[in-house]
Every structure is written in structure tokens, then in C-alpha cells.
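Here is what each chain is made of, one letter per residue.
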Amino acid sequence: MPESQRPAPAEAPPLRSASEAERLVQFAKSQPLADGGLQTAQLLSQALDLDPHHHEAQILQERLHQTFVPRWHFPMLADAARNAAYARAITAKVRPGDIVLDIGCGAGLTAMLAARAGAKHVYTCEQQPLIAQAAARVIADNGLSDRITVICKWSHDIVVGVDLPEPADVVISEIVDTVLLGEGALATLTHAMSALAKPEARTIPERGRLVAQPVESNALLDLWRPQQAEGFDLSAFHHLARVAQLPPSDFEACALRPLGPTTELFEFDFARPNINRARTTADLTCSDTGTVHAVLASFEMELAPGVTVANDIDSGGHWGRTAFLLDQPTPVQPGDRAKVIAQHDAAQLSLSVREISAPAKEARSPIVWMNPAWVAPAAARQADLPSPLIEAEAVWARADSAVLQPAVQSNP
Ligand SMILES: C[S@@+](CC[C@H](N)C(=O)[O-])C[C@H]1O[C@@H](n2cnc3c(N)ncnc32)[C@H](O)[C@@H]1O
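Residues numbered from 1 in each chain as written. Predicted model: local features only at pLDDT ≥ 70, side-chain atom pairs only at ≥ 80, totals over all residues.

Caption draft 1: Representation of the overall build of the protein chain. Scanning the protein chain from terminus to terminus reveals twelve helices and 17 strands. Among the 412 residues that make up the protein chain, the fraction classed as buried is 43%. In the protein chain, the share of contacts with a sequence separation of at least 24, taken over all contacts with a separation of at least 6, comes to 79%. (Helix = DSSP H or I, 4+ residues; strand = E, 2+ residues; numbered from the N terminus. Buried ≥ 20, exposed ≤ 12 C-beta atoms within 10 Å, placed from the backbone. Contact = placed C-beta atoms within 7 Å.)

Caption draft 2: Geometry of the site of the ligand. Contacts to the ligand come from 20 residues, most closely from G104, G106, L109, S155 and E174. Here the residues of the shell around the ligand sort into nine nonpolar, seven polar and four charged. (Near = placed C-beta within 6 Å. Nonpolar A, V, L, I, M, F, W, Y, C, P; charged D, E, K, R; others polar.)

Caption draft 3: How the structure looks around the pairing of strand β5 (residues 197-204). Note that strand β4 (residues 168-173) and β5 share four bridges and pair parallel. Pairing of V171 across the sheet is with T203, part of β5. For the crossover that starts at β4, traverses helix α8 (residues 185-195) and ends in the parallel β5, the hand is right-handed. (Pairing = 2+ DSSP bridges. Right-handed = clockwise from strand over helix to strand, strands pointing away.)

Caption draft 4: Highlighting the environment of A244. The residue A244 is located in strand β9 (residues 243-246) in this model. Remark: the alpha-carbon pair of A244 and L220, spanning 24 residues in sequence, is separated by 8.3 Å. When neighbours within four sequence positions are excluded, A244 is seen to be in contact with L220, W224, A294, A323 and L325.

Caption draft 5: Representation of the nonpolar core. Ranked by size, the top nonpolar core spans 103 residues in total, and within it L101, A114 and A294 carry the most contacts. At eight residues, the largest contribution of residues to this core is made by strand β13 (residues 290-304). For L101, the contacting residues outside a window of four places in its chain are Y123, L164, A168, V171, A192, L196 and A197. (Core = buried A, V, L, I, M, F, W, Y, C linked by C-beta atoms within 7 Å.)

Caption draft 6: Here's a closer look at the confidence of the model for the protein chain. Chain-level pLDDT for the protein chain is 85 on average; 82% of the residues reach the 70-or-more range. The element-level mean pLDDT for the protein chain is lowest in helix α12 (residues 377-380), coming to 31, with strand β1 (residues 99-103) highest at 99. Scored below 50 in pLDDT, residues 355-412 shows 123 contacts in the model against residues more than four places distant or in partner chains. (pLDDT = per-residue confidence, 0-100.)

Caption draft 7: Representation of helix α5 (residues 80-93) in the model. Taking 1.5 Å of rise per residue, 14 residues should cover 20 Å, and α5 covers 20 Å from first to last C-alpha, within 8% of that figure. Listed as buried for α5 are R82, A85, Y86, A89, I90 and K93. The arc that holds the buried residues of α5, viewed along the axis, is 125°, so those residues lie on one side. In α5, the exposed positions that point more than 90 degrees away from the buried face belong to A80 and A84. Buried-residue contacts for α5 involve α4 (73-77), α6 (109-116), β4, β5, β13 and β14 (307-310). (Expected span 1.5 Å × (residues − 1). Arc of directions from axis to C-beta.)

Caption draft 8: Seen up close, the sheet that holds β4. Reading across from one edge, β3-β2-β1-β4-β5 is the order of the five strands in this open sheet, with parallel pairing throughout. Strands with a single pairing partner mark the edges of an open sheet, and in this sheet they are β3 (148-151) and β5. Within the sheet, the average angular offset between the axes of one strand and its neighbour, ignoring direction, is 25°. Sheet topology note: the β1/β4 ladder contains four bridges and is parallel. Its bridge partner lying in β4, I103 is registered against S173. Sheet contacts for α5: β4 and β5; angle to β5, the most-contacted strand, approximately 150°. (Axes fitted to C-alpha atoms, helices over the stretch in contact; angles between N-to-C directions.)

Caption draft 9: Inspection of helix α3 (residues 55-68) at higher detail. For α3, built from 14 residues, the straight-helix expectation of 20 Å at 1.5 Å per residue is met to within 8% by its first-to-last C-alpha distance of 20 Å. Those residues of α3 that sit buried are A57, L60 and Q61. For α3, the buried positions fall inside an angular range of 100° around the axis, keeping them on one side. Residues of α3 that are exposed and point more than 90 degrees away from the buried face comprise H55, I59, E62 and Q66. Looking at the buried positions of α3, the neighbouring elements they touch are α1 (15-29) and α2 (38-50).

Caption draft 10: Molecular detail of unusual backbone geometry. Backbone torsion omega between I204 and P205 reads 5°, so that peptide bond is classified as cis. Within the fold, P205 resides in the loop between β5 and β6 (207-216). A positive phi angle, close to 75°, is found at L180, a residue other than glycine. If you trace the backbone, L180 turns up in the loop between β4 and α8. Phi is positive for A255, close to 40°, though the residue is something other than glycine. Tracing the backbone through its elements, the reader meets A255 in the loop between α10 (248-254) and β10 (257-258). What makes A255 exposed here is the crowd of 12 C-beta atoms within 10 Å.

Caption draft 11: Expanded view of the environment of Q333. Checked against the element boundaries, Q333 lands in the loop between β15 (321-332) and β16 (337-344). In this structure the C-alpha to C-alpha distance between Q333 and G290, which are 43 residues apart in sequence, comes to 6.5 Å. Ignoring sequence-local partners within four residues, the contact set of Q333 consists of C286 and T289.

Listed below in C-alpha cells is the structure:
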């Protein structure tokens, strides 16, 4: 091949660029990450500008992004039903001239929706610096930098008169996990509504409900409680998985069959939230014949009158699901009931499901939480908190039986 037709060795940067890139990568590795990875990210992207194929810089940059930018941001932004619901609610509730506080900027979507709805100014806070930095770019790309201020802080560090010129007329947030509370929404909104908002401020969302429902799914057990592998009995391992966390793909694959309607466990008023712990007892009813393998917990949020988002059994979307596995699958028929005891605190909801005979269980039910406690905000707001901690006990009772009897059978 003649010299002139050979492909240029485009991959290799000039020697000086390559060594400068290498120097920047080594320097990036020595940076502390206390700034949320901001400085490290900047050095790595400078290195990649000089040498776009620097292997270590690529790996470190990806690791940094995975560490500081939870991966659920991307399917969340692709969740068209969620986005449309927020757009409708924000259009309905934000009025021209409003000062809006958007808690948890993410990529800036809800802030931009508020600006588009006519807010005088939107103040949007984001605790993660890399996310806040990228959001400011998104907002600039959409020509909204003069209407939206990104504040790189936790909402509880915001000060009226310093970060916000006056208390907000509207507080927008989307800081809920699969069972509403895991991202610290109650603690965050309790603070925001008292310290950062006008007394009659509007909120999006307005209310949230947590519900429970008995479900059947052999696939769920196969996934979370495999009986054996290569001929070995694994059942002694099962107690380590009492709560199944199902990403949307697993949820779809498990094809949960509802054996009864949803029953409300808790309702939350996000305009007047509190961080008090609570405990409730609810009767789940069965309307179908089958085998209960788990109790599914899900939520419904009312963003504005008539505008809701949910992660119940019929909803699609990006939210995962939380299923509390029964120790023993339990056959039921229409009219059977399950008594569920659920508890939550400011940021956590955890659940365990046990089959206990009704009289013994009723006698042993401990009494409620006595002292409300504030959950450390930083811990409460971590997006990747472990699964909720609900204490729940299920007692299955035949509808036609005077005495509650647990119906028990072995795992299939
Ligand atoms: C689920 S995302 C929602 C983003 C955007 N509002 C939307 O709906 O597309 C929540 C974001 O809020 C941030 N966040 C959660 N609680 C916060 C708080 N109290 N103060 C500041 N940022 C918070 C998280 O880091 C995350 O980036």
C-alpha cells in the first residue's frame, strides 16, 4: 500500500501529550475524594482530552461515575410515565411569579419543568457535586441558566437569605425509593416545609401511600430461594434473604400473581410531614385460590389532584419492587386473611414476614415505638440505603374458621 493511503496512526497521541496525560492520571489517583470526586473527575477528563484512549483514565473515570452517580438516574430519566406525571403536576401547581425550591436536582428535569411552567425563579439543590455540575450544563444547554440556580448542597444546609432569597411558594421533590422512605423524604421535607417554605406552600408530591398485597410466584422463590444447586441442599442459606429486592427486569420475569387486593399500611402528607415512627396492623384479604409466597409492598404518590405515580403490581417504570418472603409458602383461598404488622421510622421501612399461629402471635405482639427519633440526615438520604426495615408478621387465617390457623407447607 502506498504510504499516502495507509491509515494514519490516529490512536497514538503525540509523545508529550501521552506523558502529560499519564502525569495527570497519576495525580488524579492521589486526590482525596472528599469533594465528591470533582477534582479527580476534572483531572481525568483533562487526561482524556490529551490521550482519549488512555486505558487507566477510562477505567478510573467510569469507576468514579459509578461510585458517585447512582446508576438508577438513567432508567429514571427514561421513565416516560414518571416524567409525564411530574410535568402534568408541575404545570398544574406552579404559577407565574412563584419561587420554587426543587429538592434533588439530578439532571435538572423537574427544575426545568418548573421554569417552563412559569416560575419566577427555581432554586434546585443537589448534594452530589458531579451531578450538580452536569445539571448546570443541561440547564445551560436548554437556555434556562437565568431562571434556575443550582445549589450544590444538601437541602438541610440551605439558608433562606443566603441561598434562597425568600421562602419557597412551591417545593418539588422526587426523592423516594421502592418503598417511599429510603431516600429520607420524610426528614428532608419535614425540614424543608418548616425552614425553607412559606406557611401555605404547595408541594409536589402532596401525599404518599404504602400498601401491601399477598402474591404468588414460584419464579420469585426460584430466584431468591433456590432449593438446591448441582444436587446440594441450600435451604440453610435462605434465612439470609427475607426481603427480595426486585429490579424491574426481575419483577417482570417473576410475574407475581396477586392473590388479593392491596391494603393500606401508611399514608404520608408531604405538605405537613413528620418524622415520627409508626406501627400499624393491617388485614390482607385473599380473593383468589393459590399459594402465598410473599407480601409485596408498593407505593402510590399523588403529585397533584388526579396525577399519580406508583410502583404497584400493574405499573411499569423504573422503580424496583420489594417483596417480603414468607418463611413457608402458604395455600390460601378466597376470604382468607393475613394480619400484617408494619413499622416505619423517618427514613426506613423494613419488613419480615413470619407464619405464627394466631393466638400465640396475638399474645406476643409487642407494643409500639415509644420515642420518635431523628435519623441522621446524611445517612437517611443516601440513595443506596439497604432495603427498608419493616417489622411485619403475617398470620394466615381461613375465613371460615373461628380460630385463626396458620396453613403451612414446605417450599415447592
Ligand atoms: C431521584 S433524583 C430526582 C432528580 C430530579 N428531581 C428528577 O425528578 O428527575 C433525586 C436526586 O436528589 C438528590 N438528593 C436527594 N435528597 C437530597 C437533599 N435532601 N438535598 C439535596 N439533594 C438531594 C440525589 O442526590 C439525587 O440526585
